[in-house]
Amino acid sequence: MSSPSKRREMDLMKLMMSDYKVEMINDGMQEFYVEFHGPKESPYQGGVWRIRVELPDAYPYKSPSIGFVNKIYHPNVDEMSGSVCLDVINQTWSPMFDLVNVFEVFLPQLLLYPNPSDPLNGEAAAVMMRDRSAYEQRVKEYCEKYAKPEDVGTAGEDKSSDEELSEDDYASSDDEVAGKADP
């Protein structure tokens, strides 16, 4: 096992042990979702987001790709794609950082201290600079509309195909499936 893949495995386990809900996307350890709660004492408090994380082959030497699956109103997050404009992750990443840092430091800092001068969401940046209370109200509206705990499981997805169907959901009986017997 190479050093980056061993480190990837260690960081992922550390994240899971830190009480974060992690859901793997494929069999590998390179893509997964993490449930992230908005920081206390902020307009994002009470919001819950599903974050998609992709680890590049060169992780930890190259930064992870981070994106919000359900909508968030923030100057540094693209409203449509959920992409995060995060200096620390995108430009100043160091192998000293790990996945727990992303969820305990970087993302909370991003939400607590938005940077409207480097926006991915120009409208959010303009509202924030023009009227902070209107911005915070809009953040709370988005939290209420898109970031409730029940939104995390279904954000951006259709109903899961592995959900069980009740017998009422099946439209046929055994007789219809088998057909009529020959005389």
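For clarity, every value in this text was computed on a predicted model and none was experimentally measured.

Draft legend 1. Main features of the packing of helix 4 (residues 122-130) against helix 5 (residues 132-146). In the contact formed by helix 4 and helix 5, the axes pass within 5 Å of each other and the chain directions differ by 135°. With respect to helix 5, the element helix 4 is oriented oblique. Residues Glu123, Ala124, Val127, Met128 and Arg130 of helix 4 pack against Arg132, Ala134, Tyr135 and Arg138 of helix 5. Partitioning the contact of helix 4 with helix 5 into residue classes produces five nonpolar, no polar and four charged.

Draft legend 2. Focus on the pairing of strand 2 (residues 31-37). Both strand 1 (residues 22-24) and strand 2 contribute to a ladder of three bridges, which runs antiparallel. Looking at the pairing, Val22 lines up with Val34 of strand 2. Here strand 1 hands over to strand 2 after six residues, the two strands then running antiparallel side by side. In this structure, strand 2 lies alongside strand 3 (residues 48-54), joined through seven bridges in antiparallel fashion. Directly across from Phe36, in strand 3, lies its bridge partner Trp49.

Draft legend 3. How the structure looks around the pattern of salt bridges. Within the structure shown, the criterion is met by eight salt bridges. In this structure, the salt-bridge partner of Glu23 is Arg50, at a minimum N-O distance of 2.4 Å. Of the two residues, Glu23 sits in strand 1 while Arg50 sits in strand 3, which places them 27 residues apart along the sequence. Between Arg52 and Glu31 there is a salt bridge; the shortest N-O distance is 2.3 Å. In this pair, Arg52 sits in strand 3 while Glu31 sits in strand 2, placing the two residues 21 residues apart along the sequence. Because the salt bridges share partners, they merge into one network encompassing Glu31, Arg52 and Glu54.

Draft legend 4. Spotlight on helix 5. In this model, helix 5 (15 residues) spans 21 Å end to end at C-alpha, consistent with the 21 Å of a helix rising 1.5 Å per residue. Where helix 5 is concerned, the buried positions are Tyr135, Val139, Tyr142 and Cys143. Seen from one end, helix 5 has its buried residues packed into an arc of 100°, which puts them on one side. Within helix 5, the exposed residues directed more than 90 degrees away from the buried face are Ser133, Glu144 and Lys145. Lining the buried residues of helix 5 we find strand 3 and helix 4.

Draft legend 5. Seen up close, the confidence of the model for the chain. Mean pLDDT over the chain works out to 83, with 81% of the residues at or above the 70 mark. Within the model, the stretch residues 155-180 combines pLDDT values under 50 with nine contacts to residues more than four positions away or in other chains.

Draft legend 6. Region of interest: the sheet that holds strand 2. Sheet architecture is open: four strands sit in the order 1-2-3-4, paired in antiparallel fashion. The sheet terminates laterally at strand 1 and strand 4 (65-68), the two strands that pair on one side only. Direction aside, the axes of adjacent strands within the sheet are offset by 25° on average. Its contacts with the sheet put helix 1 (residues 3-17) on strand 1 and strand 2, and the angle it makes with strand 1 is roughly 140°.

Draft legend 7. Region of interest: the side chain of Ser63. Checked against the element boundaries, Ser63 lands in the loop between strand 3 and strand 4. If sequence neighbours within four positions are ignored, Ser63 has contacts with Pro56, Ile89, Asn90 and Trp93.

Draft legend 8. Just the packing of aromatic side chains, in detail. Considering all chains together, one arrives at ten aromatic pairs under this definition. With a centroid separation of 5.9 Å and 40° between ring planes, the pair formed by Tyr73 and Tyr135 is classed as tilted. Taken together, the residues span a long stretch of sequence, with Tyr73 in the loop between strand 4 and helix 2 (87-90) and Tyr135 in helix 5 at a distance of 62 residues. On the accessibility criterion, Tyr73 (0% relative accessible area) is buried. On the basis of relative accessible area, Tyr135 is assigned to the buried category, the value being 1%. In this structure an aromatic cluster arises from ring pairing among Tyr59, Trp93, Phe97 and Phe106. Over the face of the ring belonging to Tyr33 we find Arg50, whose NZ or CZ atom lies 3.9 Å from the ring centre.

What counts and what doesn't
- Residues numbered from 1 in each chain as written.
- Predicted model: local features only at pLDDT ≥ 70, side-chain atom pairs only at ≥ 80, totals over all residues.
- Heavy atoms only, no water.
- Axes fitted to C-alpha atoms, helices over the stretch in contact; angles between N-to-C directions.
- Helix = DSSP H or I, 4+ residues; strand = E, 2+ residues; numbered from the N terminus.
- Parallel < 35°, antiparallel > 145°, perpendicular 65-115°, else oblique.
- Contact = heavy atoms within 4.5 Å.
- Nonpolar A, V, L, I, M, F, W, Y, C, P; charged D, E, K, R; others polar.
- Pairing = 2+ DSSP bridges.
- Salt bridge = Lys/Arg side-chain N within 4 Å of Asp/Glu carboxyl O.
- Expected span 1.5 Å × (residues − 1).
- Buried < 20%, exposed > 50% of the residue type's maximum accessible area, 1.4 Å probe, protein only.
- Arc of directions from axis to C-beta.
- pLDDT = per-residue confidence, 0-100.
- Phe/Tyr/Trp six-rings, centres within 6.5 Å; stacked < 30°, edge-to-face > 60°.
- Lys NZ or Arg CZ within 6 Å of the ring centre and 35° of its normal.

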